[in-house]
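Here is how the chains run, residue by residue.
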Amino acid sequence: MVVERKELIATIYYTFNHFDEANRRYADLALAHPEHKLAEKATNLFLDSFNLVQDWEGLNKKAREFLANKKLVENKPTLQTQLKKVIEESAFKLVEAYEKKEQYAEAGKRYEGFHKEFPSSYLGSRALFNAAANYEKSKDPVKAVEVRARLIEQYKDSKDSVDKDIVKKSFFAVAFTYDKMANFEKAALYYEQFADKYPDDERSKEALLRAGLYRESLGMHKESLSSRDIYLKRAARNNSYAKESCYVRFARAETWERLGDMKEAEAAYNAYINSCRQDNPDRALKTQLMLAKRKAKWDDQKKALLAIMKQYEELNKKGVKLTFGAVAAAEARYLLAMESFNKYKEVRINGANKNTLAASFKSKSTAMDTTVKEMTEVVKLGQGEWAVAALYIIGTSFREFAEEVKKLPAPKELASRPDLVDMYKFEVEQEYVNPLREKAALFFASCVKKSNELDVYNDSTKKCLNELHQAKPADFPPQYELVAERGFASELVEPRPFLLETREDREAREKAEREAARKAEEAAAEAEAAPAEAPKEGDAGKADKPTTESNESAEPDAGAGGKGKGKGGKKKKNK
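Just so we're clear, the structure is a prediction, and the values are computed from it rather than from any experiment.

### Notes on the packing of helix H4 (residues 56-68) against helix H6 (residues 77-100)
For step 1, the next point in the chain: Running from N to C, H4 and H6 point in directions that differ by 150°, and their axes come no closer than 9 Å. As summarised for this structure, H4 and H6 are arranged roughly antiparallel, according to the angle between their axes. Read as a crossing pair, H4 and H6 show a hand that is left-handed. Of H6, the residues touching H4 (which contributes Trp56, Glu57, Leu59, Asn60, Ala63, Arg64, Phe66 and Leu67) are Gln80, Leu83, Lys84, Val86, Ile87, Ser90, Ala91, Lys93 and Leu94.
For step 2, the next point in the chain: Residues of the contact of H4 with H6, tallied by class, amount to 10 nonpolar, three polar and four charged.

Set out below in structure tokens:
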């Protein structure tokens, strides 16, 4: 009867939330009368009241005291289980208090202590996971990795869903911690293990990307290929991997190249181009150019360069904005144009006689016109480096033509008259050589101006400046790096549109060509009617000189023989 009254009074206190008084009476009942049927009820109510007030230390202490009372727990397996659970949970809560107070190192030690005391607890994996997290917060990543590795080893085969989730998190956390410690080899190992063990986890994509990257940076090329091959296999059946698959394809090709297997590298680069042209047309064009330049035979290289230009034009029609893909197209166009320039250089003016001179001069002029036209197309693409390089080539074409004309010997019939030879050379200089040099200088000046417009300064710019210095040292002293504000350069560059011939120049050129043709016909008729005579004094200026073909594609008047200019090399004014 006494026990029942104690239980009733304690329950009244409990009902009205006087937990301290209720707890004292429940504990007294349970410990004083452990064998009574109400002892177990009193114990449970005691534990509930302590839990309500969150007195974890008091709860843990009394629960241990109850469990130690053999009379209380004997033959009561449910109570024993409940007490053990309360002890574990309250002990866990006590460690959490250190964490909340930001005593991370101490919290880590106590979580480890908890696991050691309760190795079979359902809270065991949580304790080790929290211990590692607190060690990391206390700036002890080595200890954090050690604890997580132990956690993974102990719980990797657990069937418990919570344990499985914690092991998964620990796998990634170990990899990430090694990552932050710059231990990239171990980070890559754990990242790949994570990706292999949890292929459906969203983080597996990032894990494989990092594994491949770190192994590549460590020189573990074959291992990096393994990570990237796994990634691409998954990308083939999982769209979520597609976003980075182009990066992986390109990186994989670069790895084969580092390994020196150019066959595999080229196959990988082509696979990248075919798969990623739409996603990244810029890099695709750049890669196509790289492969084209590696081809040993010019015919194969030319075919690849033309394919690049076709791709570029198609993208332009679709309104696709390009950056370094446009630069790649400009370089491809430049390389194609260089074929014409190289052919032009191979053409030589043959001054053996009047017929060979005229024919070879015409061939040389036509070849140069083709070079100018094709290099102009490069300039129109507006890509600084290659626009400047193309303008340099155009200028060089005119300058080399001038040099070759200057070296031509005088006609044989003037050989006996040195004074006529000098007059002949003077007129050739004035009518052909100087106009060609003027045009060469114009394009070298345009080259420098274009460099400034597009903010480019490269080897071609230096060469153009040097050419201008040779032509006009007063306006372009050595090391001069900007377009002159006065004089020769600015007058040449403005105001005519680039590579256009004025109507007045064209009419004058055509008139001069018609007159030259008429004189040539008259001279031929006279030669048929009478035997050739030695040149007379004063006839040097009438000696046959080479004529040029029409050229309306260059600026200004890009014809080889001083088109648009009269004798003496004087230019007509632009209107």
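### Side note on the pattern of salt bridges
For step 1, the next point in the chain: Taken as a whole and judged by the stated rule, the model has 35 salt bridges.
For step 2, the next point in the chain: In this structure, arginine 148 engages glutamate 136 in a salt bridge whose closest nitrogen and oxygen atoms are separated by 2.9 Å. Placement of the pair is arginine 148 in helix H9 (residues 141-155) and glutamate 136 in helix H8 (residues 124-137), with a sequence separation of 12 residues.
For step 3, the next point in the chain: On the basis of relative accessibility, which here comes to 5%, the residue arginine 148 falls in the buried class.
For step 4, the next point in the chain: As a salt-bridge pair, lysine 406 and glutamate 429 come within 2.9 Å of each other at their nearest N and O atoms. Of this pair, lysine 406 sits in helix H20 (residues 384-406) while glutamate 429 is found in helix H21 (residues 418-453), placing the two residues 23 residues apart along the sequence.
For step 5, the next point in the chain: Relative accessible area serves as the criterion here: at 18%, glutamate 429 is assigned to the buried category.

### Thoughts on the layout of surface pockets
For step 1, the next point in the chain: If you add up the space inside the second largest pocket, you get close to 230 Å³.
For step 2, the next point in the chain: Contributing to the lining of the second largest pocket are 12 residues, with Arg437, Ala441, Glu467, Gln470 and Ala471 lying nearest its centre.
For step 3, the next point in the chain: Broken down by element, the residue count for the lining of the second largest pocket peaks at five residues, all from H21.
For step 4, the next point in the chain: Per-class residue counts for the lining of the second largest pocket are five nonpolar, one polar and six charged.

### Some details on the confidence of the model for the protein chain
For step 1, the next point in the chain: Overall, the predicted model of the protein chain reaches an average pLDDT of 80, with 73% of residues at or above 70.
For step 2, the next point in the chain: Mean pLDDT across the elements of the protein chain bottoms out in helix H23 (residues 488-493) (33) and peaks in helix H18 (residues 324-346) (96).
For step 3, the next point in the chain: Between residues 480-503, whose pLDDT stays under 50, and residues either more than four places distant or in other chains, the model counts 68 contacts.

### Quick word on the side chain of serine 245
For step 1, the next point in the chain: By the element assignment, serine 245 lies in helix H14 (residues 245-258).
For step 2, the next point in the chain: Contact partners of serine 245, with chain neighbours within four places excluded, come to Tyr231, Leu232 and Ala235.

### Thoughts on the state of the cysteines
For step 1, the next point in the chain: Tallying each qualifying case throughout the model produces two disulfides.
For step 2, the next point in the chain: One disulfide bridge connects cysteine 246 with cysteine 276, the sulfur atoms lying 2.1 Å from each other. Residues cysteine 246 and cysteine 276 share a disulfide whose torsion about the S-S bond is about -105°; that sign makes it left-handed. Taken as a pair, cysteine 246 in helix H14 and cysteine 276 in helix H15 (residues 262-276) lie far apart in primary sequence, 30 residues in all.

### Considerations on the environment of glycine 212
For step 1, the next point in the chain: With respect to the element layout, glycine 212 can be found in helix H12 (residues 203-217).
For step 2, the next point in the chain: Along the chain, glycine 212 and serine 226 lie 14 residues apart, while their C-alpha atoms are 7.8 Å from each other.
For step 3, the next point in the chain: Residues contacting glycine 212, with those up to four places away along its chain left out, are Ser224, Ser227 and Arg228.

### Observations regarding the packing of helix H11 (residues 184-197) against helix H13 (residues 221-235)
For step 1, the next point in the chain: Look at H11 against H13: their axes get within 11 Å of each other, and the N-to-C directions meet at 25°. As far as their axial angle goes, H13 and H11 are roughly parallel. In this structure, H11 crosses over H13, and the sense of that crossing is left-handed. From H11, Glu192, Ala195 and Asp196 reach across to H13, where they touch Ser226, Ser227, Ile230 and Arg234.
For step 2, the next point in the chain: The residue inventory of the contact of H11 with H13, partitioned by class, reads two nonpolar, two polar and three charged.

### Considering unusual backbone geometry
For step 1, the next point in the chain: The residue glutamate 102 is not glycine, and still its phi comes out positive at about 60°.
For step 2, the next point in the chain: Relative to the assigned elements, glutamate 102 resides in the loop between H6 and helix H7 (104-117).
For step 3, the next point in the chain: Located in the positive-phi region is aspartate 455, a residue other than glycine, with phi close to 55°.
For step 4, the next point in the chain: Relative to the elements of secondary structure, aspartate 455 occurs in the loop between H21 and helix H22 (459-471).

Calculation rules
- Residues numbered from 1 in each chain as written.
- Predicted model: local features only at pLDDT ≥ 70, side-chain atom pairs only at ≥ 80, totals over all residues.
- Heavy atoms only, no water.
- Axes fitted to C-alpha atoms, helices over the stretch in contact; angles between N-to-C directions.
- Helix = DSSP H or I, 4+ residues; strand = E, 2+ residues; numbered from the N terminus.
- Parallel < 35°, antiparallel > 145°, perpendicular 65-115°, else oblique.
- Left-handed = near helix turned anticlockwise from the far one by under 90°.
- Contact = heavy atoms within 4.5 Å.
- Nonpolar A, V, L, I, M, F, W, Y, C, P; charged D, E, K, R; others polar.
- Salt bridge = Lys/Arg side-chain N within 4 Å of Asp/Glu carboxyl O.
- Buried < 20%, exposed > 50% of the residue type's maximum accessible area, 1.4 Å probe, protein only.
- 1 Å grid on protein atoms, 1.4 Å probe; cavity = no way out; pocket = protein on both sides within 12 Å on 5 of 7 lines; lining within 4 Å.
- Points joined across faces, edges and corners; volume = space filled by probe spheres on them.
- pLDDT = per-residue confidence, 0-100.
- Disulfide = S-S within 2.5 Å.

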